[in-house]
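The chain contents come next:
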Amino acid sequence: MKVLLTNARTGAHKHITVGFNWPIFLLLVLALLPIAIALGFILGIKALVGGFGAAAVILSQHLARRANEARARRLFSLGWRFADPSSLEARQAQQAWTLLPTDTSLADPPQASVSQPDFTLNEGSFLDACATEAQAPQRIYFYQEGPMKVPLTNPRTGEVKFIKIGWSWTLFFFSVFLGLPLFLRRLYMWGAVFVVLNIILLIVQQDVRFMPIALMCWLAQFGFTIFISIKGNALTARNLLQKGWRFANPDAVETKYAKNRWSAEVSA
């Protein structure tokens, strides 16, 4: 589940996950587990290897649980607030993030003007403006801090998923591991590409004579990784739309920007 925060001064939005942060957990495990195991071997006590490894996993799990709360606390200290404090997501976030400030309303709300100037209508200018054909903007401009995400909803179940617009660091770092994140996104064809490349590399690396083939496979794997990191989110959105999902807010700026960026993949 994700909750929407907004900055009242700039109008920027951020989606913060409420709960466990899996990317942080995996990165911490990959970083701490080898260190903990190496420390056990250096000390020469094999019984400590498993203990240090378990401690590294437990520490990673604790930090992953606190990562989103720490990020939310930092944003709140900078003036960010819940975009909709009365929403179910905001209420659940307040219960999960017990160390947030008690005032969760928008910071620095705009003050209503005490007196309004008298309104006068220039009939001639008004009619001229009505007769002028409106020009649609060629591009969408907006101010956005951090990655922008667009919500897609399943009309049958009511489930909502937020798809990031732009580069996917998750696919960049983890697609090489048998295409696991691609299979989780149900992009089976692209996941199969990485599985095949991994199998070929596993075979050809056993013989020095096949090193040119291995080099070609490494280059192909790197090229596919860059491609899927750029196009992966658009392909994920297209896959969901083809299965009946719809944009949750068709008229929102994020949705229009996403359709503009994903025009080659998404036509809905």
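Anything mentioned here points back to the structure above.
Described in the following lines is the structure provided in the data block. Computed from a predicted structure; not experimentally measured. (Residues numbered from 1 in each chain as written. Predicted model: local features only at pLDDT ≥ 70, side-chain atom pairs only at ≥ 80, totals over all residues. Heavy atoms only, no water.)

We now examine the overall build of the chain. Counting secondary structure elements, the chain contains nine helices and six strands. By residue count, 31% of the 268 residues in the chain fall in the buried class. A sequence separation of at least 24 residues applies to 64% of the contacts in the chain between residues at least 6 apart. Accessible area for the chain stands at about 17300 Å²; split by element, carbon and sulfur atoms hold 63% of it. (Helix = DSSP H or I, 4+ residues; strand = E, 2+ residues; numbered from the N terminus. Buried < 20%, exposed > 50% of the residue type's maximum accessible area, 1.4 Å probe, protein only. Contact = heavy atoms within 4.5 Å. Areas by Shrake-Rupley, 256 points an atom, 1.4 Å probe, with all protein chains shown as cover.)

Counted under the stated rule, the structure contains 10 aromatic pairs. Here the aromatic rings of Trp169 and Phe172 are separated by 5.7 Å at their centres, their planes lie at 90 degrees, and the arrangement is edge-to-face. Linking Trp169 with Phe172, this pair stays in helix α5 (residues 169-174), spanning three residues, or about one helical turn. Judged by its relative accessible area of 24%, Phe172 is partly exposed. Between Trp169 and Phe173, the ring centres sit 5.7 Å apart and the planes meet at 25 degrees, which makes this aromatic pair stacked. Pair noted here: Trp169 and Phe173 are both in helix α5, with a separation of four residues, about one helical turn. One aromatic cluster in this structure is built from Trp167, Trp169, Phe172 and Phe173. (Phe/Tyr/Trp six-rings, centres within 6.5 Å; stacked < 30°, edge-to-face > 60°.)

Before going further, it helps to spend a moment on the pattern of salt bridges. A full pass over the atoms with the stated rule returns one salt bridge. Of the charged contacts in the structure, one is a salt bridge between Arg66 and Glu69, with a shortest N-O distance of 2.8 Å. Linking Arg66 with Glu69, this pair stays in helix α2 (residues 46-77), spanning three residues, or about one helical turn. Residue Glu69 is classed as buried on the basis of its relative accessible area of 4%. (Salt bridge = Lys/Arg side-chain N within 4 Å of Asp/Glu carboxyl O.)

Here the focus is the nonpolar core. Membership of the largest hydrophobic core comes to 14 residues, with the highest contact counts inside it found for Val150, Leu152, Ile163, Ile165, Phe247 and Trp262. Mapped by element, the contributors of at least two residues to this core are β4 (149-153), α8 (211-242) and α9 (253-261). Among the elements that line this core, the one with the most residues is α8, at four residues. Residues Leu5, Phe82, Ala90 and Trp97 belong to the second largest nonpolar core, which totals 13 residues. (Core = buried A, V, L, I, M, F, W, Y, C linked by side-chain atoms within 4.5 Å.)

Backbone hydrogen bonds hold the strands of a sheet together, and the pairing may be parallel or antiparallel. Taken in spatial order, the three strands of this open sheet run β2-β1-β3, and their pairing is antiparallel. Two strands close off the open sheet at either side, each with one partner strand: β2 (13-17) and β3 (80-82). Within the sheet, the average angular offset between the axes of one strand and its neighbour, ignoring direction, is 40 degrees. This element, helix α3 (residues 88-96), spans β1 (2-7) and β3 of the sheet and lies at about 95 degrees to β1. (Pairing = 2+ DSSP bridges. Axes fitted to C-alpha atoms, helices over the stretch in contact; angles between N-to-C directions.)

All right, on to unusual backbone geometry then. With the exception of glycine, most residues fall at negative phi, and the peptide bonds are largely trans. A positive phi angle, close to 60 degrees, is found at Leu178, a residue other than glycine. Counting through the fold element by element, Leu178 comes out in the loop between α5 and α6 (180-184). Leu178 gets classed as partly exposed once you look at its relative accessible area, which sits at 48%. Even without being glycine, Arg186 reaches a positive phi, approximately 65 degrees. Structurally, the position occupied by Arg186 is in the loop between α6 and α7 (188-204). A residue is classified by how much of its surface remains accessible, and Arg186, at 43% relative accessible area, is partly exposed.

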